[in-house]
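# Architecture at a glance
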Number of protein chains: 4
Amino acid sequence: MVSQTVTLQGHIIDSLILAKVLDAIVMLGGTFTLSEITVGVTRKDSSHATILIDAPTTRLLQDILIAIQPHGAVVAVEQDCTVVPAPSDGIFPEDFYATSHLSTQIRWQGTWITVPQPEMDVAIIVKLSPLSAHMVPMGSVKKGDLIVTGRNGIRVFPLERPQERDVFGFMAAKVSSERPHRHIITDVANRMKVIREQRKEGNGSVKVLFAGGPAIVHSGGREALAWIIEAGYIHVLFCGNALAAHDMEASLYGTSLGYNLGIGRSMPHGHEHHLRTINRVRALGSIQKIVESGIIKEGIMAACVRQGVQMVLAGTIRDDGPLPDVITDSMKAQEAMRIAIPGVELALLVASTLHAVATGNLLPASTPTVCVDINPAVPTKLSDRGSFQAVGLVMDSSSFLRELAWELGWNR
Amino acid sequence: MVSQTVTLQGHIIDSLILAKVLDAIVMLGGTFTLSEITVGVTRKDSSHATILIDAPTTRLLQDILIAIQPHGAVVAVEQDCTVVPAPSDGIFPEDFYATSHLSTQIRWQGTWITVPQPEMDVAIIVKLSPLSAHMVPMGSVKKGDLIVTGRNGIRVFPLERPQERDVFGFMAAKVSSERPHRHIITDVANRMKVIREQRKEGNGSVKVLFAGGPAIVHSGGREALAWIIEAGYIHVLFCGNALAAHDMEASLYGTSLGYNLGIGRSMPHGHEHHLRTINRVRALGSIQKIVESGIIKEGIMAACVRQGVQMVLAGTIRDDGPLPDVITDSMKAQEAMRIAIPGVELALLVASTLHAVATGNLLPASTPTVCVDINPAVPTKLSDRGSFQAVGLVMDSSSFLRELAWELGWNR
Amino acid sequence: MVSQTVTLQGHIIDSLILAKVLDAIVMLGGTFTLSEITVGVTRKDSSHATILIDAPTTRLLQDILIAIQPHGAVVAVEQDCTVVPAPSDGIFPEDFYATSHLSTQIRWQGTWITVPQPEMDVAIIVKLSPLSAHMVPMGSVKKGDLIVTGRNGIRVFPLERPQERDVFGFMAAKVSSERPHRHIITDVANRMKVIREQRKEGNGSVKVLFAGGPAIVHSGGREALAWIIEAGYIHVLFCGNALAAHDMEASLYGTSLGYNLGIGRSMPHGHEHHLRTINRVRALGSIQKIVESGIIKEGIMAACVRQGVQMVLAGTIRDDGPLPDVITDSMKAQEAMRIAIPGVELALLVASTLHAVATGNLLPASTPTVCVDINPAVPTKLSDRGSFQAVGLVMDSSSFLRELAWELGWNR
Amino acid sequence: MVSQTVTLQGHIIDSLILAKVLDAIVMLGGTFTLSEITVGVTRKDSSHATILIDAPTTRLLQDILIAIQPHGAVVAVEQDCTVVPAPSDGIFPEDFYATSHLSTQIRWQGTWITVPQPEMDVAIIVKLSPLSAHMVPMGSVKKGDLIVTGRNGIRVFPLERPQERDVFGFMAAKVSSERPHRHIITDVANRMKVIREQRKEGNGSVKVLFAGGPAIVHSGGREALAWIIEAGYIHVLFCGNALAAHDMEASLYGTSLGYNLGIGRSMPHGHEHHLRTINRVRALGSIQKIVESGIIKEGIMAACVRQGVQMVLAGTIRDDGPLPDVITDSMKAQEAMRIAIPGVELALLVASTLHAVATGNLLPASTPTVCVDINPAVPTKLSDRGSFQAVGLVMDSSSFLRELAWELGWNR
């Protein structure tokens, strides 16, 4: 029998943290003794617990420590983190620490250093002069970079319950098609108004991110989304070739995948329209040029160009063309997305599993996020991936966008 | 080798009927010779074909004749239909003819008699004085009733392509979540306006039928539906205990299944509210009485009572209470629905698999029908069940109802 | 400002109960002071907390007490429960206590009495000689029956975490289509083996309940289910007219809804087969008679008749016929289901939303339950309805039944 | 009023082609006269029709000709196709002909030339010495390449109904979760056996293609798929980083996304396992090397390496790492997929929307294809994209793979 004392601090009772830690110890086969517990008597007070863990083997004890560390459990005697140089470009040392998207600190020579912009499933690199720590994806590491290994000297901070009471503050972000979505959409609109106001007052670093798929255009949500962008509510757009192509097809031909949006039926050979659209944009050189040329006057892309929205178009194997703006290399596209993330204070992930999951991985857990899809599996998958401030809405994207636009002041 | 000559008449080429008949013959193992074919040279002209069918066995030939009869193929020599008396109450003779929901005629002493109000999966009863034929469900047949048997002397009329070009006239009613639904909703609203106009002009027999489930209330569509009813657009309502109970719960407590619709969160012990609502209505005696008493002033039930909407509430094993208006016997409820069907010229089946399928079985194939559900399986199941003039919309019911209400003139 | 002291006892920390209670107090607008807390030092020890709640109004305090009572919070001074006579048949007194499906006790003249067979959304009736308390549905109450009202003197017992570690013991029963289901099916099979063993040893009161829909037959799961029943693993069957009719149609015609199960394609006029099947059973009088006559030799119904499985067939408005065994009145069918529930130690709810929800309402929260559906909304809806020991599997019913049968020893 | 005579030839009646052409003419606003019609009297005979189309404007007549050309309607006087040089690299001439995935010919100096390997949404390039025509994607065209434009001198061949009667020969490939899938899986297995046999007899050019997503591993289908590959039934694999990484994670750690496949529950910090797996493969250089090194002995990747399966791993923005074998550039990955397509005589698209759609675009319409997904929208989307020989199965991927493996002889 081996044992280890760990401590927990914070709102560990009403945030369920203590319960989860004790649960994990038992589920993994250990036993515990609560050697000391101080419970804050009001909601403001912090609580503190000291837990003695007993386990039959060192291996199992190690497993338990691994399991409870993400809840903020700190091994009683603080140690520095360890680092090992990367053995080659693009390769981490064997025992690298794999990050979560929670706020994270490492201990270096007795001092806790915050690692900025937390992201899931990358490693932590330590730079010595000046001393700093950063998240680094596997493909970007260079031979000799100092990479944090093991679990000593690393601590993460569970999400605190928000003080205000809005949709993102619910205990468990439920995903249901049978809940009225109006309040959620109202809360989202209010956040968007606040962010737009902050930007008007000069805080250009706060941003709303929108990531979406082509079903937005097919299902009739284009007009509403274009209005929302034109009105200044969206500042970063992540999408693929299809959303952009179908949006511009709608400008040039009035169709989406050959389906006439104006008269409500399929057009003969209309499936060619998106190809002809892509070809024209390629001939002109970029989305910006076809908008500036006046050929495309309205729609999502036109609104983005006019409003200076930061766009990242990522390529996939199902693309035709693609448009000249598409970043066909997926790692370069991911890097472009990563660069656009800082400052995002609200993320809307609409009708695209790929973009929803890819963006979800890059966002810090603390960023309020709304995932909208007609298929309940998509919001569920996202909320399964972490302790995310995520709200899922099971509805079609055009209904969502129109209701959101109305809340923001659209008159159509 | 046995053979039989059949004839086909009508728009058999552009309605695909000839193709389907030839297809069926070959798929079942027969061969055909087109002994005569007259093709109408313009769209208005009718075409005519005489087909000689060869098959290896009498049994197989019979199978083929059975398979092609619903397409209007008539065995060349016309025969009267045969009838056999029902052996007991509630039991058809062995070889009874099972109906489709297409327009149907039987031949009696050389004359073709139309069977009114076609319905799926019942039998045809012949009455002699005065001579008439009717659809009869199994449970309603009495010993000695004359029931049509076999296939001789029975003909059905395939749906003709509509002359006008609206959503119900598409060749194949596609079900897709990625089609813009606005045009479909506009077409539905236009039909509702026409029917309301006809009723104002004194034709009270034309009706719009609405069948719906409780998700309408949970998802926030109650206000819009109540407005649509109050404005006179719906004349028959099929629902269950839950829709009515949750609607009135919303009036009395502001909640639906305990979820507060006004402030957007669950209420403590709110799940009791629907029980307390049902108990109060039981104490007063009926939905009509609680509305007339002034206790319930707004919502779906109140609008139905005020507008004299014909309501059929059918019970199920998941009901609490139930409300005093619920017909707990399923066969009696089905009969009440059957009685309410004649005159229905538009059916809206929203967010209830049970009511959608049950109503679909009772409606003639020629009744325009819209099926709305967030789960694509429900509209697909309905359109699988026959040659229905059915359109499927994959969207949440509250978005549908709000967009429909807006098209009809709602200002909220 | 008003205040009230409440106490909590049990595994309130590692079962998250304390956290949820404190959460509820704050979410509803109150504040708390933990005036006393004793934490059990090992997992076996019980903990105890005394909480002083402050709220701005009496109304709000009452709301908070209502909200936390289901977690086991007891107002510090114990009181007897109150009862009021039912004002009429079928009507509860206004302030009746609406039950949950958790284990429940009432306090009568200082003594706590357990109410057997907990069920959701009914009331509690007290009988005086001899003294006892029972669950009573609204429709069954008689004028003058003593019905428990208010919240004093009522306590419920939250589900304890199970000691063993099987699929039903997970903290939160996740519903996911991307989890391997083999272990869950193995655990289910093991429970079924144990229950069969117990019955062989003479304990005939323990039972496995199966509730299912007709998709079982359509999707090809009939053979496996029939084997499972024939092998003695199922003791109660809840279904509707359709499952039984399509099962016997498969015996008589080899089809299901007209689709030939043997050769894998639709048969001409095959949709009539289920009607002809129902007609034959009606002519003979019952399912038991058609099986005993030797006309139907295999399948689900034949296995149930041979094995003496207790069957409840409940009617709905979508039924053709129906079969003579169907209880067409939904309240009588519900009562028949209620009577069959005691002793059920495992419930399998497969491919039927209606039966899954209806059965879920009647089962005590402590009964292990597996809900299988291709549509993730169904298992999610069930697990939303309470603190259920429920596991959801998103898969098609025939794959589930075949894998379950293999685990139980089937060789096909 | 303008008019044009067109001719149609082939099985135009029983293949519904004539009906669709007449339908299109009328739907677009034209009228027709059937000036001549010869109907083949038996199924083997070809039919012939000459249709005079009248339309109010030249523009509308042109629209009609565009609409009916894909059905094989040929403008009565045959003309050569026209070509225009590409204006720049990567850009087609304005009026380029956009291809379908049906068999296609172009007319060049009086001769019809077949364009090999039809693919959707690309153009046709004509090479002069030696004379040939090929499909060319937009990104691959070079300045000056001769690209076919307009519609003259192009004909496509609608899919003929297959002679044999197997699952791929149904008139309309229905997608349903309520159909028994056993026959479909049996038919698929039989095709796989035939192709394996043909390869054993030296015809190495015939191939089975498998495209799949990581849900195969998560849901427990890995073992079955590995067996199918090891037994020689699959010859080309399209997948992404995730399928390969989670498969090898299962070899190294026994988990998939951190979920322990052996004991059926999540492991502490198991989500890191796929990252560590990727890191190790990167350190070794390739999937082939880690298999050949003996570190990974079983699973999907090991089977592919041992059996010499042609693998294309395509990158996306949601990838971690990625594995060194992943082609991160989407256009290069698409090209690698295109190269692997010739010879594919059966395509299995399992649990990956992205790979299903991307592969579906590249496959000729005549390739039998099975699309398996738990979400009915995916098979429906595929079958919407063309006249595909596609069968959709709504079931979870592990059940599909296990049942397929059993049909092929697996004993587990």
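Starting afresh in each chain, residues are numbered from 1 along the sequence in its written order. As a convention, the first chain written is A and the first ligand written is 1, with the rest following in written order. Confidence filtering applies because this is a predicted model: local features only for residues at pLDDT of at least 70, side-chain atom pairs given and counted only at 80 or more, and all residues used for totals across whole chains, interfaces and linings. Side-chain metrics rest on all non-hydrogen atoms present in the structure, leaving aside hydrogens and water.

### Comments concerning the pattern of salt bridges
One speaks of a salt bridge when a side-chain nitrogen belonging to Lys or Arg is within 4 Å of a carboxyl oxygen belonging to Asp or Glu. For the structure shown, the criterion picks out 44 salt bridges over all chains. Across the pair R182(B) and E223(A) runs a salt bridge whose closest N-O atoms are separated by 3.9 Å. Note that R182(B) is positioned in helix α3 (residues 182-200) and E223(A) in helix α5 (residues 222-230), a pairing that runs across two chains. Accessibility expressed as a relative area gives 30% for R182(B), which makes it partly exposed. Salt-bridge contacts for E335(B) lead to R338(B); the nearest nitrogen and oxygen are separated by 2.8 Å. Taken together, the residues span about one helical turn, with E335(B) and R338(B) both in helix α10 (residues 330-340) at a distance of three residues. Accessibility here uses a 1.4 Å probe with only protein chains present; expressed as a share of the type maximum, an area under 20% marks a residue as buried, one over 50% as exposed, and anything in between as partly exposed. A relative accessible area of 30% places E335(B) in the partly exposed class. R338(B) sits in the buried class, given a relative accessible area of 11%. Three or more residues are tied together by salt bridges with common partners; here these are E119(A), E335(A) and R338(A). Secondary structure is summarised from DSSP: a helix means a run of H or I of at least four residues, a strand means a run of E of at least two, and numbering begins at the N terminus for each.

### Observations concerning helix α13 (residues 397-408) of chain A
Residues and elements named next belong to chain A. Under the 1.5 Å per step criterion, the end-to-end length of α13 is 16 Å for 12 residues, consistent within 8% with the ideal 16 Å. With respect to burial, α13 is a largely interior element, 10 of its 12 residues being buried. Along α13, the positions that sit buried rather than exposed are S397, S398, S399, F400, L401, R402, E403, L404, A405 and L408. Within two residues after α13, G409 carries a phi angle of roughly 115 degrees, on the positive side. What a helix should span is 1.5 Å times the count of its residues minus one.

### Some details on the sheet that holds strand β7 (residues 111-115) of chain B
All names here are of chain B. Spatial ordering of the open sheet is given by β7-β6-β11, a layout of three strands whose pairing is antiparallel. Of all the strands in the sheet, just β7 and β11 (154-157) have a single pairing partner and so form its edges. Each adjacent strand pair in this sheet contributes to an overall mean axis angle of 30 degrees, direction not counted. Two strands make a pair as long as DSSP finds a minimum of two bridges between them. As paired strands, strand β6 (residues 103-108) and β7 are joined by five bridges and run antiparallel to one another. Considered in β7, the bridge of T104 is made with V115. Note on geometry: axes are C-alpha line fits, over the in-contact stretch for helices, and angles between N-to-C directions span 0 to 180 degrees.

### Some thoughts on the relation of the copies chain B and chain C
Applying a rotation about an axis and a shift along it to one chain copy brings it onto the other copy. Copies overlap after least-squares fitting; the atoms used are the C-alpha atoms of residues with pLDDT of at least 70 in both. Each copy of the sequence occupies a distinct position, and chain B is placed on chain C by a rotation of 180 degrees and an axial shift of 0.0 Å, giving an RMSD of 0.1 Å. Given the turn and translation reported, the copies of this chain are related as if by a two-fold rotation axis. Ranked by how close their C-alpha atoms come to the rotation axis, the residues of chain B are headed by D329(B), at 2.0 Å. In this assembly, 100% of the residues forming the interface of chain B have copies in chain C that are likewise at the interface, indicating an isologous arrangement. We call two residues in contact whenever any of their non-hydrogen atoms come within 4.5 Å of each other.

### A closer look at the side chain of H181(D)
Note on placement: H181(D) falls in the loop between β12 (175-176) and α3 (182-200). If we ignore the near neighbours within four places in the chain, the residues touching H181(D) are S219(C), D396(C), S398(C), S399(C), R402(C), L393(D), M395(D) and E403(D).

### Here we look at the confidence of the model for chain A
Residues and elements named next belong to chain A. Predictor confidence is given residue by residue as pLDDT, running from a minimum of 0 to a maximum of 100. Averaged over all residues, the pLDDT of chain A equals 86, while 87% of them reach at least 70. Contacts of residues 169-173 to residues separated by more than four positions or lying in other chains number eight contacts, the stretch itself having pLDDT below 50. Here the predicted complex carries an ipTM of 0.84, next to a pTM of 0.84.

### Things to note about the packing of helix α3 (residues 182-200) of chain A against α13(A)
Residue and element names in this part refer to chain A. Packing of α3 against α13 leaves a shortest axis separation of 9 Å and a crossing angle of 55 degrees. As judged from the angle between their axes, α3 and α13 are oblique. As for the relative orientation of α3 and α13, their crossing is right-handed in sense. Between α3, through R182, I185, T186, V188, A189, M192 and K193, and α13, the contact on the second element is made entirely by F400, E403, L404, E407 and L408. With respect to orientation, any angle under 35 degrees is reported as roughly parallel, any angle over 145 as roughly antiparallel, any angle of 65 to 115 as roughly perpendicular, and every other angle as oblique. Here is the rule for handedness: rotate from the far helix to the near one, and if that takes an anticlockwise turn smaller than a right angle the crossing is left-handed, while a clockwise turn gives right-handed.

### Some remarks on the interface of chain B and chain C
Facing 58 residues of chain B, the contacting portion of chain C comprises 58 residues. Both faces considered, chain B and chain C share a buried interface measuring about 5000 Å² in area, 56% of it formed by carbon and sulfur atoms. Note that E272(B) and R151(C) form a salt bridge whose closest N and O atoms lie 2.9 Å from each other. Those elements that place two or more of their residues in the side of chain B that touches chain C are α2 (58-68), α7 (273-284), α10 and α11 (353-362) of chain B. Here the side of chain B that touches chain C gets eight residues from one element, more than from any other, and that element is α7(B). Class assignment for the residues of the side of chain B that touches chain C results in 26 nonpolar, 17 polar and 15 charged. Put simply, buried area is the surface a 1.4 Å probe can reach on two separate parts but cannot reach once they are joined, added for both. Put simply, Ala, Val, Leu, Ile, Met, Phe, Trp, Tyr, Cys and Pro go in the nonpolar bin, Asp, Glu, Lys and Arg in the charged bin, and everything else, Gly too, in the polar bin.

### Description of the pairing of strand β10 (residues 146-149) of chain C
Residues and elements named next belong to chain C. Sheet analysis places strand β5 (residues 82-85) next to β10, joined by four bridges and oriented antiparallel. What sits directly across from V84, in β10, is I147. Pairing analysis gives two bridges linking strand β8 (residues 123-128) to β10, with the strands arranged antiparallel. If you follow I125 over to β10, its bridge partner there is I147.

### Focus: the sheet that holds strand β6 (residues 103-108) of chain A
Residues and elements named next belong to chain A. Strand order across the open sheet formed by three strands is β7-β6-β11, with antiparallel pairing between neighbours. Pairing within the sheet leaves two strands with one partner each, and these edge strands are β7 (111-115) and β11 (154-157). The mean angle between the axes of side-by-side strands here comes to 30 degrees, regardless of whether they run parallel or antiparallel.

### Some words on helix α3 (residues 182-200) of chain C
Every α-helix winds through 3.6 residues per turn, so residues three or four apart in the chain are directed the same way. All names here are of chain C. For α3, spanning 19 residues, the distance from its first C-alpha to its last is 27 Å, which sits close to the expected 27 Å at 1.5 Å a residue. Buried within α3 we find H183, I184, I185, V188, A189, M192 and I195. A positive phi of about 105 degrees marks G202, the residue just after α3.

### A short note on the relation of the copies chain D and chain A
Expressed as a screw transformation, the operator carrying chain D onto chain A has a rotation angle of 180 degrees and an axial translation of 0.0 Å, and the superposed copies differ by an RMSD of 0.1 Å. The overlap is high: 100% of the interface residues of chain D also sit at the interface in chain A, so the same surface is used on both sides.

### Comments concerning the environment of V188(B)
Residue and element names in this part refer to chain B. Mapped onto the elements, V188 comes out in helix α3. Overall, the relative accessible area of 0% leaves V188 in the buried class. Spatially, the C-alpha atom of V188 lies 9.7 Å from that of L408, the residues being 220 residues apart in sequence.

### What to know about the interface of chain D and chain A
Counting residues at the interface gives 58 residues for chain D, matched by 58 residues for chain A. With both sides pooled, the region where chain D packs onto chain A buries about 5000 Å², and carbon together with sulfur makes up 56% of that total. Applying the counting criterion to the chain D and chain A interface returns two salt bridges. Here a polar contact is recorded for every N or O atom pair within 3.5 Å, except that within protein the pair must consist of a potential hydrogen donor and a potential acceptor, and residues adjacent in sequence are included only if both atoms are side-chain atoms. Our count for the chain D to chain A interface comes out at 18 residue pairs in polar contact (both at pLDDT 80 or more). Per-element tally for the side of chain D that touches chain A: the top contributor is helix α7 (residues 273-284) of chain D, with eight residues. Looking at the side of chain D that touches chain A residue by residue, the classes come out as 26 nonpolar, 17 polar and 15 charged.

### Notes on the packing of aromatic side chains
Pairing of aromatic rings covers Phe, Tyr and Trp, the last counted by its six-membered ring, and requires centre-to-centre distances within 6.5 Å; plane angles under 30 degrees mean stacked, over 60 mean edge-to-face, and any other angle means tilted. Scanning all chains against the criterion turns up 14 aromatic pairs over all chains. Aromatic pair W406(A) and W410(A): ring centres 6.0 Å apart, planes at 35 degrees, arrangement tilted. A residue is classified by how much of its surface remains accessible, and W406(A), at 26% relative accessible area, is partly exposed. Accessibility expressed as a relative area gives 7% for W410(A), which makes it buried. Note on W406(C) and W406(D): the rings are 4.3 Å apart at their centroids and 50 degrees apart in plane angle, and the pair reads as tilted. Of this pair, W406(C) sits in helix α13 (residues 397-408) while W406(D) sits in helix α13 (residues 397-408), on two different chains. Linked through ring pairs, W406(A), W410(A), W406(B) and W410(B) together constitute an aromatic cluster. The criterion for a charge sitting over a ring is simple: Lys NZ or Arg CZ within 6 Å of the ring centre, and within 35 degrees of the ring normal. Between the NZ or CZ atom of R276(B) and the centre of the ring of F96(C), over which it lies, the distance is 4.4 Å.

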